[in-house]
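This is what each chain is made of:
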Amino acid sequence: MASQKVSRVGVIGAGQMGAGIAEVCARAHADVLVYESTRELAAAGRARILRSLDRGVSSGKLTEREREQASWRLRFTSDLGDFADRQLVCEAVVEDEAVKTEIFTALDKVVTDPDAVLASNTSSIPIMKLGMATQNAHRVIGMHFFNPVPVLPLVELVTTLTTTPEVTERAEAFAHDILGKQVVRSSDRSGFVVNALLVPYLLSAIRMVESGFATVEDIDKAMVLGCAHPMGPLKLTDLVGLDMVKAIADKMYDEFKEQLYSPPPLLLRMVEAGRLGKKSGHGFYRYA
Ligand code: CAA
């Protein structure tokens, strides 16, 4: 039933975003099943979530008991067939359209509830393309979380031409009433609301570095002190991941063919060099 409250959740992928989504679902008392393709990736995903839960305890946001209970609500599998009874599944794998469409085709075949929410955390791939990879495009929607997921309160809800109001309401009720997130709605265009504004800003900061206009440190300092941003654009690019920023920019450029979305050569070279930001230990800054 569309109105039934979501309590059985699936998360596909336990990287930075998937782990964060799984964590907030488990903290909100959902039964959470997480897919990773190998045991090693599942172990790394579980460790990532446990580290973040520990951080919640050390900053006084969680009690020891809440941390324990959240960790018991998390199970891992490498078999998509295990997702049959899920009421909401959120996909958070690499920003690669082919990989995502394959997952949606497979999930659609196994998830039995006709009004289950099949959501993607994509930042830039049109949700309609993922819907068309299924036989049930009415239950496909975008649920876009922000990094770090346990900290940032926003979810962008992206409906397509075919998402039904029932599925949209179910996804919104889950994000707002169960996870306690604030929801904004967006049409299905690459970048949605936040990245349509954020990505040109990040790319402009990279162009400033590239042209020698100002240093990395000064650009970040300027935006932190001059505009009260929690971090500057280059540190934020490191946090999001340079490969991710490039992937989003490429998709937005494909969609709009506007120069402001075109990734600058410095970003391309840094990605080629493996300087992906915080996750690789080196981006615009170095990390221990
Ligand atoms: N998990 C759990 N809690 C975390 C956390 C994590 N990964 N990271 C930080 N926190 C908590 C800390 O415990 C701390 O809590 P208390 O204040 O209660 O102690 C609080 O968040 C602040 O963290 P810190 O004091 O360690 O550090 P900070 O004050 O420098 O904040 C930050 C760090 C939260 C990342 C902050 O700098 C920030 O919000 N930056 C902007 C991030 C942003 O813009 N994200 C969006 C990126 S775009 C995106 O995600 C979408 C996309 O498609 C690209």
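None of the values given here were measured: they were computed from a predicted structure. (Residues numbered from 1 in each chain as written. Predicted model: local features only at pLDDT ≥ 70, side-chain atom pairs only at ≥ 80, totals over all residues.)

## A word on the domain arrangement of the protein chain
How big an interface is tends to be reported as the loss of accessible area on association of its parts.
No. 1: Per the domain assignment, the segments of the protein chain are domain 1 (8-186) and domain 2 (195-279).
No. 2: For domain 1 and domain 2, the distance between their C-alpha centroids amounts to 26 Å.
No. 3: Every contact between the two is made by six residues of domain 1 and, on the other side, nine residues of domain 2.
No. 4: Split by residue class, the side of domain 1 that touches domain 2 holds one nonpolar, four polar and one charged. (Domains from an automatic or database assignment. Contact = placed C-beta atoms within 7 Å. Nonpolar A, V, L, I, M, F, W, Y, C, P; charged D, E, K, R; others polar.)

## Considerations on helix α7 (residues 194-210)
No. 1: With 17 residues, α7 should reach 24 Å at 1.5 Å per residue; the first-to-last C-alpha distance of 24 Å fits that figure.
No. 2: Among the residues of α7, Asn-195, Val-199, Leu-202, Leu-203, Ala-205 and Ile-206 are the ones counted as buried. End-on, the buried residues of α7 take up no more than an arc of 155°, which puts them together on one face.
No. 3: Tucked inside the fold, the buried residues of α7 contact α8 (216-227), α9 (233-240), α10 (242-256) and α11 (265-272).
No. 4: Following α7 by one or two positions, Gly-212 adopts a phi angle in the positive range, close to 75°. (Helix = DSSP H or I, 4+ residues; strand = E, 2+ residues; numbered from the N terminus. Expected span 1.5 Å × (residues − 1). Buried ≥ 20, exposed ≤ 12 C-beta atoms within 10 Å, placed from the backbone. Arc of directions from axis to C-beta.)

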